[in-house]
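# Geometric and topological summary
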Amino acid sequence: MVVLNEGSPEHNIYINGKKYIVDNVAAETSLLEFLRENCQIKSAKRMCNEGGCGSCLVNVSRKNPSTGEQEVFSVNSCLLPTHVAHDWDILTTEGLGSKKQGYHSLQKRIADGHGSQCGFCTPGMVMTANSILAQKKNGASMMEIEQNLDGNICRCTGYRAILDSLKSAANDATEELKAPFQDIEEVASVCPYSKRSCSSGGESPGCNNDCSPTKEFGTQSFKAIDGVTWFYPASIKDLTDVLRKCESDNGFKIVCGNTGAGVYPEGQNVSTIISLNSIPDLHKIEIKNEMIIGGSVPLSTFIKVLKDASDLDGFAYSSALADHLQKVANLAVRNTGSVAGNLMLKHRHPEFPSDLFVILEAVGALVKIVSGNGDCKALTLAMFLAEDMKKKIIASIILPKLSNAQTYIRTYKVTPRAVNSHAYVNAAFHFTKDDNNAMTARIVFGGISASFNRATKTEEFFLGKNAADPNVLIEGLKILKNEVRLSVTTSPIETSAEYRVSLAVSLLYKFFLYFYPGKLDEKLQSGGSILQRGVSTAVHEFNPSTEEFPIGKPIPKLEGRAQAAGESQFISDIPALPTQLYGAIVVTECGPAKLAEIDPREALEIEGVIRFLTAKDIPGMNAFHSSIHTPFAVEEEQIFADSEILYAGQPVGLIVATSQMIANRAAKHVKISYADVRKPILTPEEACEHPERVFLNEYFGPIEQYSMGNYEESLKKADKVIKGQWNMGGQFHFTMETHSVLCVPNEDGMDAYVSTQDIDLNQIAIARAIGLNVNRINMQIRRVGGSFGHKQSRSAMPASACAVAAYLLNVPVSIHMDLYSMWEAFGGRQPYHVKYEVGITKDGKMIAAKVDFYNDTGCDKNEAASFQAALQFYNCYDAEAYKITPYVVLTDTPSTTWMRAPGSECGIAMSEIIMDHIASELGLDPFNVRLKNVRTHGSPGHRQLPWDGENFQKLIDKLRVSSNYDERKLRIRKFNEENRWKKCGISFDLMGYVMDSSWCKYNVIVSIYRNDGTVAIAHGGIEVGQGINTKVAQVAAKELGISVDMISVKPTNSLTNPNSAPTGGSTTSDANCWAIAEACKELMSRLNPIKQKLGKGANWIQLVSQAYNDNVDLCARKYFNGNVDVKHHFYVIAGIVSEVKVDVLTGERQVTRVDICEDAGRSISPKIDLCQIEGALVMGLGMYLTEIVKRDPNSGKLLTNGSWEYKPPTALDIPIDFRITLYDNPNNTAGVMRSKAVGEPPLCLSVSVLNALRHAISSARKDAGIEKWFQFDSPATVEQVQQLCHSSIAQFRFA
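One structure accompanies this document, and this report is about it. (Residues numbered from 1 in each chain as written. Predicted model: local features only at pLDDT ≥ 70, side-chain atom pairs only at ≥ 80, totals over all residues. Heavy atoms only, no water.)

## Section: the packing of aromatic side chains
Taken as a whole, this structure holds 48 aromatic pairs when the rule is applied. With centroids separated by 6.3 Å and ring planes inclined at 80 degrees, the aromatic side chains of Phe73 and Trp88 adopt a geometry described as edge-to-face. On the criterion of sequence distance, the pair formed by Phe73 in strand β4 (residues 70-76) and Trp88 in the loop between β4 and β5 (89-91) is long-range, its members being 15 residues apart. By the burial criterion, Phe73 is buried, and Trp88 matches it. Residues Phe431 and Phe511 carry aromatic rings whose centres are separated by 5.0 Å and whose planes lie at 40 degrees to one another, so their mutual orientation is tilted. Here Phe431, found in strand β16 (residues 425-433), pairs with Phe511, found in helix α17 (residues 497-515); they are 80 residues apart in sequence, far enough to count as distant. Here Phe431 and Phe511 have matching classes, each one buried. Three or more aromatic residues joined by ring pairs make a cluster, and in this case those are Tyr408, Tyr412, Phe429, Phe431, Phe445, Phe452, Phe461, Phe462, Phe511, Phe512, Tyr514 and Phe515. (Phe/Tyr/Trp six-rings, centres within 6.5 Å; stacked < 30°, edge-to-face > 60°. Helix = DSSP H or I, 4+ residues; strand = E, 2+ residues; numbered from the N terminus. Buried < 20%, exposed > 50% of the residue type's maximum accessible area, 1.4 Å probe, protein only.)

Below, the structure is given as structure tokens:
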């Protein structure tokens, strides 16, 4: 227990104004664990534990050890050891504002601006923005806010609403941005120490002034509960004294921000830890004849120093270094990661592509080393790498003055996404030339190999050579290519050696386009610059409905402010119960194989470990997913493998311990032995080569249902036949909340709190696993921190394992899976291999289409979505005949599962890609080909759904005008003709998405309370961020004639909502809204006679009270199912125009603009729908551009198993100009309540960006002399884009 004691001399931390004594915390316990478990402060969330997602962000206020000035910054509490924060002032969003004390402006902005959907990431977003604003006395600009949200991942919103909400607080915010928040009252932060309003106003942390209790101390030491001693030296002399006393070289470690643990979680056992955060000399900054930066100076401070120094004589180059360092990691990491720590990471791990090392080596910086005996010496960075650093520290780095006139420095970093990524290759070039153009060169690279940092042979070649001679520069590029080719190394996780060699050469050529003193061809000039991103902008267009108010009103999400303030409770936030234990799942390291032996002895010896459970301990059925559980499963999936291992990452057991941290650590100590290990088949393309792995997808009826007409006969009419293939890669859901479960045994059976989309399936799985009847399992869930399909059936595995442990031990047990084991154990989006053959006329009309969809479902055939790909392939187009065949293929990977728009994404993408292929083959405009093939009005589409061609044409025409498509297309054509090394692309894509709500089954209950007339609702859906609670409240308010604030939406549970269908398919919200409306209508039918009796003067409360007195039932239940009288099947129509820009030399790309027009019918809550469209589109951008899944080709082990290697889009990857229109279709009669689904269909539109990229690449290939159609698989990584452009030294020129 944490003891609050104002007078204790113990190790203190100040959190939200309270003083906490850190007297029972292990040495390396993170601040996140201390906040959550010891202090019960839950707004900081567990997710990646790598500093890569931003869920755990908090603010720190402390005095700079060197200047004494108070500084405020954000930190990743998952990386920061609690003991590093000695005497620091920590602020979480709970301390910023709350419902009780009043919400802070930022909390209100992000909530009211629709920037919070599931809410799991929202506290971190708020705290990042808060720290940015607090650091700026005159306020922060929109660019500063946007750029520094680089470490906060959101999977729901698509970021646009978050950015606009927070940028409204900027000092240069536009009136348009500020307008929605004019009514927000600022609640000034109250200083927890002085009890006065903070002098810096409502946009700053709790305290950043002199009233903070932060004190200055001499050298201190503190022994943690596990016996490890922390030292806090106050001077370098004290530090060297401590180093001398350390008994062994491996018995201690030195930390500053501990951010390196996010890259290399070492977990070494030490007896001593030394913090460098209290030594003034290590934080010292001095600029005279040279720039001296103390070793403990954070990277963010170093960036500021470099920017400020760029105006000084001899340091003009420092602005280029600052720009480069802005791309290192993310704001929170830069705030605590020190310059010395970054270089030491490079020293210990030579393969680490340290940006700091690269740029410092380029300018000839030195490092000053201090040893334990007090000796000092200055080393070059090359000498530093070879230096034995045992009992030594980096005291400072020294940057020289360089001639502004003769020095040419550029740095480059090519990454998987815009920010918060390590480099594929990073480079820094430092050239000089004298009056005769004689050169010197320093050429530095990272990412080539562990041993290759300087291109010394290339440098030697350039020495004294003429910079104005293009032949010299080209010859140097050839030498560099050979030098890098001989040094580059490869591994399964890296990009190809071919790409990195090409990239190294291309980067030096890019530098030469800036450096070359001769007259440069204008067509080449843009190649010398990098892609620049301005402040993003957005436009929303919709017509809010007023006829059925508040339906159609764009109200904020009901839970938004509570989510922003950390008041919303997720499963892992439930306070620990007495005797509660914690579980961690143990997974295999390879597969397929036989399970030979499991040895848990080493794990069981760890203090706090209670038990290890395997398949033999399961009292009931060892399966969490089968045909017994759900019709979508045709094979049984085991909770724990008992003999046969199907894939690397398969769960084999559960460690149960006294804390989650101990359980996670112990799980890594369980030893698994394997037999008959086989080389895995990992892709659907590979699987297709093995006929025994290929099956027809007949789970939903005969294959013939997916075809139409006589393909063979129609094909004879074609003027031309085109053939092709396409591969669509997998994708992880990246839910911000990992799988979380709490199971509590009780007299009835068991209470289960599971983060899931599917209460019914999980209830059955738990009951079967522990051998109880289903009615003895009591399920309840209030919200889920993101899902997208991942928490439908996959959640049943940890739920079942947790229930088994709770049942056997008869105590509460919880599991909060770590990111690594979760991604290794469970599959994500289903990859596809597609083959197609299409017969066309010479004017571009599709006559006949044959498409085979090979759907990779992993190690079993469950949840195969290729039937949906076959259905959605028809899209909005028409042909005489179709032969569509959905297949299932098996690979040695985790069973894949539903993910936003499963199958549909591939089906619609394939139809759009084929339209582009037709245009390419015939030399026609792709948009005109689409128009040529659009289904005519009234013609029956697949399954005889009527096609509203008139509205579709109106939508196309509207988007064509609003997007200025025709003019932009001409402008892009001109740009591409005038630029060789930058290319733009634009694509106008269409969608006719078939929606089906007939599978939905949901119960709802509406209760009116007699005392005050308030209303409670329980519905069958689950709030996963889609705004279902807000929508049902709006519908109830309209039907009952009351205000939304009189309505409370209760958690979903298995008693009031038994046998509910899963939340998914984009129809759950609308279906529950229908049921709520019907229940409310039934209540009003009971109340209307009372209302007539009371007369017009009676208010709502009087009406309800009288009804109660007259024995009227004030509770109503309704059930939505496939038999209710609504149009279950309908089209969601939409169009999208996407524009991209590509750097041909590097493969980097930007989505410069996206315009979407979608028919959402009569939107129940327009802003929620608009934000759903944005979120779906951005998730699709990740699928098509940045999110690549890699596995070891020999073991099958997942390599992209954390935020360090797996890269969903960030706030700086979304369209720079993002415009969404809800097409006004007030006469729509389709769908539930005339509203059309928006959760999944917009994701299918994101293929437009892939097609726009194709057009940009095609222009580059044309310049390279290649004009034929090319296969463009997804994800279209930076590597693939660059390689497809076919740039080479032979094409590099200057005039």
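## A look at a nonpolar patch on the surface
On the surface, a cluster of nonpolar side chains totalling about 320 Å² of accessible area is made up of Phe632, Val634, Tyr699 and Phe700. You can see Phe700 is positioned in the loop between β25 (694-696) and α22 (711-715). (Patch = residues over 30% accessible without salt bridge, like charges linked within 9 Å, V, L, I, M, F, W, Y side chains within 5 Å. Areas by Shrake-Rupley, 256 points an atom, 1.4 Å probe, with all protein chains shown as cover. Salt bridge = Lys/Arg side-chain N within 4 Å of Asp/Glu carboxyl O.)

## Side note on the side chain of Gln1282
In this structure, Gln1282 sits in helix α37 (residues 1278-1284). In this structure the side chain of Gln1282 is engaged in a polar contact, spanning 3.3 Å, whose partner is the backbone oxygen of Leu1145. (Polar contact = N/O pair within 3.5 Å; in protein donor to acceptor, adjacent residues only side chain to side chain.)

## Details of helix α16 (residues 470-485)
Look at α16: 23 Å from first C-alpha to last across 16 residues, which is about the 22 Å you get at 1.5 Å a residue. Turning to α16, its buried residues number three or more, namely Val472, Leu473, Ile474, Gly476, Leu477, Leu480, Glu483 and Val484. Of the surrounding elements, those touching the buried residues of α16 are β17 (439-446), α15 (456-462) and α17. One side-chain oxygen of the residue at the start of α16 lies 2.9 Å from the amide nitrogen of Asn471, identifying that residue as Asp469. (Expected span 1.5 Å × (residues − 1). Contact = heavy atoms within 4.5 Å.)

## Remarks on the environment of Leu477
Looking at where Leu477 falls in the secondary structure, it is placed in helix α16. On a C-alpha basis, the gap between Leu477 and Leu299 in space is 33 Å, while along the polypeptide they are 178 residues apart. With residues near it in sequence (within four places) discarded, Leu477 still touches Val505, Leu508, Tyr509, Phe512, Ile1289 and Phe1292.

## Focus: helix α32 (residues 1068-1094)
Every α-helical turn comprises 3.6 residues, leaving residues that sit three or four positions apart pointing alike. Taking 1.5 Å of rise per residue, the 27 residues of α32 would be expected to cover 39 Å, and the 38 Å separating its terminal C-alpha atoms lies within 8% of that figure. Along α32, the largest kink reaches about 35 degrees and is centred on Leu1087; proline Pro1089 follows within four residues of it. A positive phi of about 90 degrees marks Gly1095, the residue just after α32. (Bend = angle between axes of the 7 residues up to and from the residue.)

## Here's the deal with the environment of Ala564
Of note, Ala564 is situated in helix α18 (residues 560-564). The exposure class of Ala564 is buried, given its relative accessible area of 0%. For the pair Ala564 and Thr122, spaced 442 residues apart in the sequence, the C-alpha separation amounts to 5.3 Å. Excluding residues that lie within four positions of it along the chain, Ala564 makes contacts with Thr93, Gln107, Ile110, Thr122, Pro123 and Val126.

## A look at empty space enclosed by the protein
Under the defined criterion, the tally for this structure stands at 11 cavities of 30 Å³ or more. Empty space within the largest cavity amounts to approximately 150 Å³. Contributing to the lining of the largest cavity are 17 residues, with Ser572, Ile574, Gln580, Tyr582 and Ser814 lying nearest its centre. At the level of secondary structure, the elements contributing two or more residues to the lining of the largest cavity comprise β27 (740-745) and β30 (813-816). In terms of residue class, the lining of the largest cavity is built from eight nonpolar, six polar and three charged. (1 Å grid on protein atoms, 1.4 Å probe; cavity = no way out; pocket = protein on both sides within 12 Å on 5 of 7 lines; lining within 4 Å. Points joined across faces, edges and corners; volume = space filled by probe spheres on them. Nonpolar A, V, L, I, M, F, W, Y, C, P; charged D, E, K, R; others polar.)

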